[in-house]
Amino acid sequence: MYLPQTDEQRMLADAALRYLHGTPQPALGEAARLGWIGAAFAEADGGHGGSAADIAALCEAIGRAGATLSWFAAVLLPAMLLRHVADAALRARLIGACADGSAFAVAHQEAGTAFEASSACATVIDARGAVTGVKQRVWGAHAGSALLVSAAGAGGLGIALVEAGAPGLRFDAVHADASLPWARVAFDGTPARPLITGDAPARAALAAAADFALVGVLAESVGRMHAAFEETRAWLATRRQFGRPLAANQVLQHRLADMFIALEESRSMLNLAIHAHDHAAPADRGAALHAGRVHIANAARMVGQSAVHLHGAMGITEELGAARAYRRLEQLGAVFGGADHHLARYVAATGGRP
Amino acid sequence: MLEALLTDDDRRFRDEVRAFIDASVPRDLRERVAAGADLGKDDYVAWQRLLAAKGWLTTTWPAAEGGCDWSPVRHYLFEEELALADCPPVGLTLGVGAKLLGPILCEFGSAAQRARLLPPIRASAVWWCQGYSEPGAGSDLAALATRAELRGDEYVVSGTKIWTSYAHWADGMCCLVRTDPAARPQAGISFLLLDMHAPGVTVRPIAAINGRHFFNQVFLDEVRVPVALRVGAENDGWRIAKSLLLHERLAAARVAETKKRLRLARSVAERIDFGGRRLADCDWYRMRLGALEIEARAIEQTALRYLGQTMAGTPPGPEIALLKVRGTELYQRLYDLLCDACGEAAIPLAPPAADDPAAAHAFNANRMYARGFTSAAGSSEVQRGILAKSLLPA
């Protein structure tokens, strides 16, 4: 699909790319202060974007630059969840929370292989608004995060707000890897403020948040693939073996061509996912997002693994950008459910249609 | 999405195309195309004349020569509508006159050639074939050896062409010949129009892997071709033959044909029993089909991205070659799926079993035929080479 970036999107992406080349590991608050955070919010909420097209432009730049910044977890997931469950004041608070380095995180997943696949909810909220339970892999969370937690109550599933430092709140197994921070979070009679209640609206809000964040994941994947491809292309052109450049070998030329094809198609599927997210009817939207996920996860694996392989021993070292890109691509390919999971969802979503 | 590229005018045009198909294209013809039947020359000529009567046979020609002044989007839309409605193809194989020679004459032909040769093509009154490949020159087309010597105002042509599709139906052949054996391979080639009924032309049929006859070998033994039937300058034939329209490069993705077969793969599975269950309910089949559908979307969305870029004035460069690689490879795998779905029923028997539930024999015949797609018209390896050349320093 042809989906040119707007001038604003291009300017944001260019600025982010320039900045990240000098500062590849910015703190979240730093990135927020540069104004990037606004891309995830509509103007009414104090942002300057809010569409999948807006956040994709930024996330692709993050991927291109190889920055260790989990935008999808720290910003996109809570931003979209808040859009569905919170009033304007609370939504405005997230921008502030990001800007001072703390943030909101979405505490949902308990069992299952991925956020998107997590349907069980053993965490409960009682009549007084106290939450008890354990949440696994809360992406982007750290001890200073306020939490948007899914919990079952008398009215069905709901989403509630738990402030940072609330009584009975325990972060354990905080995983500090800057590339994908997460924590396991336990609640024990922790006071919370219910935001919405009811299975249908709560699940719809969680699904919308996951969809929005997934577009960010796909965009970052395309950016990472692009970087890994470019590094490999330059390597084939300069590295000499057996008295000639690697690029003189047809088998390597064709492997590079296949990497390029995978990247080109991924870009087209990213555009489709972005457009479907922002404009399509629900059935088409789901199918396009699942299809984009499947294709980009498969392509990312192929491009990343080829980049590693074509660099020889260097390919499995920490210092090689393409090696780090591949490692990240596999992370991105697993969050919110991988290719197999989304293929099954795609088939279910399109099953009855010719 | 194609929809995103359409204007209101394009949508009205699409309605017009659909109305034309409904009103004018015989239903039994479309049914035979849908069933993968082997059509005859009469079928194709009748179809081309239907299009010609509507002014839609020679769409890619300049308007002044009887073509349509369409945007790239409209060409794409038109082809997709015809293919999805099971109209017979009119492409570079079955429409050599309208789709290959016509545009070449419009660009490189003399006024006299255009005046004489274009009207019968517009009316589908002649059948042209393409004489490029030779026994020693396939993917490496510039190695061609058929010799044309100028004697007075005639070329005398001797040599042999092979894999010449539908030469047995043809009145004329667009023929690449060597006119300067001393020049480097690409520089010594000329583009001649040769009368297939002339003395010295012999057509030998070659049976194809699917049991059908489309291939031929053509022997040329001192065939005389008037100089007036050379297109372009002497030794400039390579450039002429290489001039493929953007439209044809997009068509190499086979998007509409693939969509149709994906639908077929769904509907066929409804009727096939797989160990007491409908095949359509078997997870293995649904996953395999779903995976192919997603790949088809990736190819389609890439073709549409390039189409959109073209409309925006920044057409794609060599990367467009990937469409043929991926489109043909996917098409082949889709036929593998269709045949696997039919199981033993896809094994050709003579005569076909009366209870063949899914036209399995036609699937198998077309599967066999489609193996040629990755080697014809610039093999997948040639295309990957084009891509790599554009990505790496010389």
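### Observations concerning the overall build of chain A
Then comes step 1: Secondary structure assignment for chain A yields 10 helices and 10 strands.
Then comes step 2: Against the globule reference of 20 Å for 354 residues, chain A gives a C-alpha radius of gyration of 21 Å, in line with a compact fold.
Then comes step 3: C-alpha extents for chain A along the principal axes are approximately 75 × 50 × 40 Å.
Then comes step 4: Counting every position in chain A, which comprises 354 residues, the buried fraction comes to 57%.

### A closer look at the domain arrangement of chain A
Often, the extent of an interface is quoted as the loss of accessible area upon association of its parts.
All names here are of chain A.
Then comes step 1: Under the domain assignment, chain A is made up of domain 1 (7–99), domain 2 (104–197) and domain 3 (202–350).
Then comes step 2: Centre-to-centre separation of domain 1 and domain 3, based on C-alpha positions: 21 Å.
Then comes step 3: Taken residue by residue, the interface counts 24 residues in domain 1 and 26 residues in domain 3.
Then comes step 4: The junction of domain 1 with domain 3 conceals about 1,900 Å² of combined surface from both sides, 73% of it contributed by carbon and sulfur atoms.
Then comes step 5: Across the domain 1-domain 3 interface, the total number found is one salt bridge.
Then comes step 6: We note a salt bridge from Arg267 to Glu60, for which the minimum N-O separation is 2.8 Å.

### Overview of the pattern of salt bridges
Then comes step 1: Going through the model one piece at a time under the given rule, you end up with 44 salt bridges over all chains.
Then comes step 2: A salt bridge links Arg193 of chain A to Asp87 of chain A; its shortest N-O distance comes to 3.7 Å. Remark: Asp87 of chain A occurs in the loop between α4 (71–85) and α5 (88–99) and Arg193 of chain A occurs in strand β8 (residues 193–197); sequence separation between them is 106 residues.
Then comes step 3: By relative accessible area, Arg193 of chain A is classed as partly exposed at 39%.
Then comes step 4: In this structure, the salt-bridge partner of Lys259 of chain B is Glu80 of chain B, at a minimum N-O distance of 3.4 Å.

### A few points about the domain arrangement of chain B
All names here are of chain B.
Then comes step 1: You can read the domains of chain B as domain 1 (2–122), domain 2 (128–238) and domain 3 (246–391).
Then comes step 2: In this structure, domain 2 and domain 3 have C-alpha centres spaced 32 Å apart.
Then comes step 3: Surface buried jointly by domain 2 and domain 3 totals about 510 Å² across both partners, of which 62% is contributed by carbon and sulfur atoms.
Then comes step 4: When the buried area of domain 2 at its contact with domain 3 is split by residue, Ser139, Ile209 and Asn210 rank highest and sum to 67% of it.
Then comes step 5: Taken together, the links from domain 2 to domain 3 amount to zero salt bridges.
Then comes step 6: Inspection of the region where domain 2 meets domain 3 yields zero residue pairs in polar contact (both at pLDDT 80 or more).

### Here we look at the packing of aromatic side chains
Then comes step 1: Within the structure shown, the criterion is met by 23 aromatic pairs over all chains.
Then comes step 2: Centre to centre, the rings of Tyr19 of chain A and Trp36 of chain A are 5.8 Å apart; their planes meet at 85 degrees, and the pair counts as edge-to-face. Of the two residues, Tyr19 of chain A sits in helix α1 (residues 7–22) while Trp36 of chain A sits in the loop between α2 (28–33) and α3 (52–65), which places them 17 residues apart along the sequence.
Then comes step 3: Given the relative accessible area of 3%, Trp36 of chain A is considered buried.
Then comes step 4: The rings of Trp163, Phe214, Phe215, Tyr331, Tyr335, Tyr369 and Phe373 of chain B are connected pair by pair, giving a single aromatic cluster.
Then comes step 5: We note Arg83 of chain A situated over the ring of Phe212 of chain A; from NZ or CZ to the ring centre the distance is 5.5 Å.
Then comes step 6: For the cation-ring pair, Lys54 of chain B lies above Trp56 of chain B, with the distance from its terminal atom to the ring centre recorded as 5.1 Å.

### Considerations on empty space enclosed by the protein
Residue and element names in this part refer to chain B.
Then comes step 1: Here the structure, examined in full by the defined rule, presents two cavities of 30 Å³ or more.
Then comes step 2: Forming the boundary of the largest cavity are Gln48, Leu57, Leu94, Gly95, Val96, Gly97, Ala98, Ile121, Ser124, Val126, Trp127 and Trp128.
Then comes step 3: When residues of the lining of the largest cavity are assigned to their parent elements, the largest contribution, three residues, is made by helix α5 (residues 96–108).
Then comes step 4: Class assignment for the residues of the lining of the largest cavity results in eight nonpolar, four polar and no charged.

### A word on the interface of chain B and chain A
Then comes step 1: On the chain A side, the residues contacting the 36 residues of chain B number 35 residues.
Then comes step 2: When the two sides are added together, the surface that chain B and chain A hide from each other amounts to roughly 3,100 Å², 70% of it contributed by carbon and sulfur.
Then comes step 3: Three residues stand out in chain B for area buried against chain A, namely Ile294, Arg305 and Leu391 of chain B, and they jointly supply 22% of the buried area on that side.
Then comes step 4: In this structure, the connection of chain B to chain A is made through three salt bridges.
Then comes step 5: As a salt-bridge pair, Glu264 of chain A and Arg305 of chain B come within 3.2 Å of each other at their nearest N and O atoms.

### Quick word on the state of the cysteines
Disulfides are covalent bonds that link the sulfur atoms of two cysteine residues.
Then comes step 1: A complete count under the given rule lists zero disulfides over all chains for this structure.
Then comes step 2: The thiol of Cys282 of chain B is not disulfide-bonded; the next cysteine sulfur, from Cys342 of chain B, is found 14 Å away.

### Observations concerning the pairing of strand β2 (residues 147–151) of chain B
All names here are of chain B.
Then comes step 1: One ladder, built from five bridges, connects β2 with strand β3 (residues 154–162); its direction is antiparallel. Along β3, the bridge assignment pairs Leu150 with Tyr155.
Then comes step 2: The loop that links β2 with its antiparallel partner β3 comprises two residues; one of these, Gly152, has a positive phi angle of about 65 degrees.

The rules we used
- Residues numbered from 1 in each chain as written.
- Chains lettered and ligands numbered in written order.
- Predicted model: local features only at pLDDT ≥ 70, side-chain atom pairs only at ≥ 80, totals over all residues.
- Heavy atoms only, no water.
- Helix = DSSP H or I, 4+ residues; strand = E, 2+ residues; numbered from the N terminus.
- Rg over C-alpha atoms; globule rule 2.2 N^0.38 Å.
- Buried < 20%, exposed > 50% of the residue type's maximum accessible area, 1.4 Å probe, protein only.
- Domains from an automatic or database assignment.
- Contact = heavy atoms within 4.5 Å.
- Buried area = accessible area lost by both parts, 1.4 Å probe.
- Salt bridge = Lys/Arg side-chain N within 4 Å of Asp/Glu carboxyl O.
- Polar contact = N/O pair within 3.5 Å; in protein donor to acceptor, adjacent residues only side chain to side chain.
- Phe/Tyr/Trp six-rings, centres within 6.5 Å; stacked < 30°, edge-to-face > 60°.
- Lys NZ or Arg CZ within 6 Å of the ring centre and 35° of its normal.
- 1 Å grid on protein atoms, 1.4 Å probe; cavity = no way out; pocket = protein on both sides within 12 Å on 5 of 7 lines; lining within 4 Å.
- Points joined across faces, edges and corners; volume = space filled by probe spheres on them.
- Nonpolar A, V, L, I, M, F, W, Y, C, P; charged D, E, K, R; others polar.
- Disulfide = S-S within 2.5 Å.
- Pairing = 2+ DSSP bridges.

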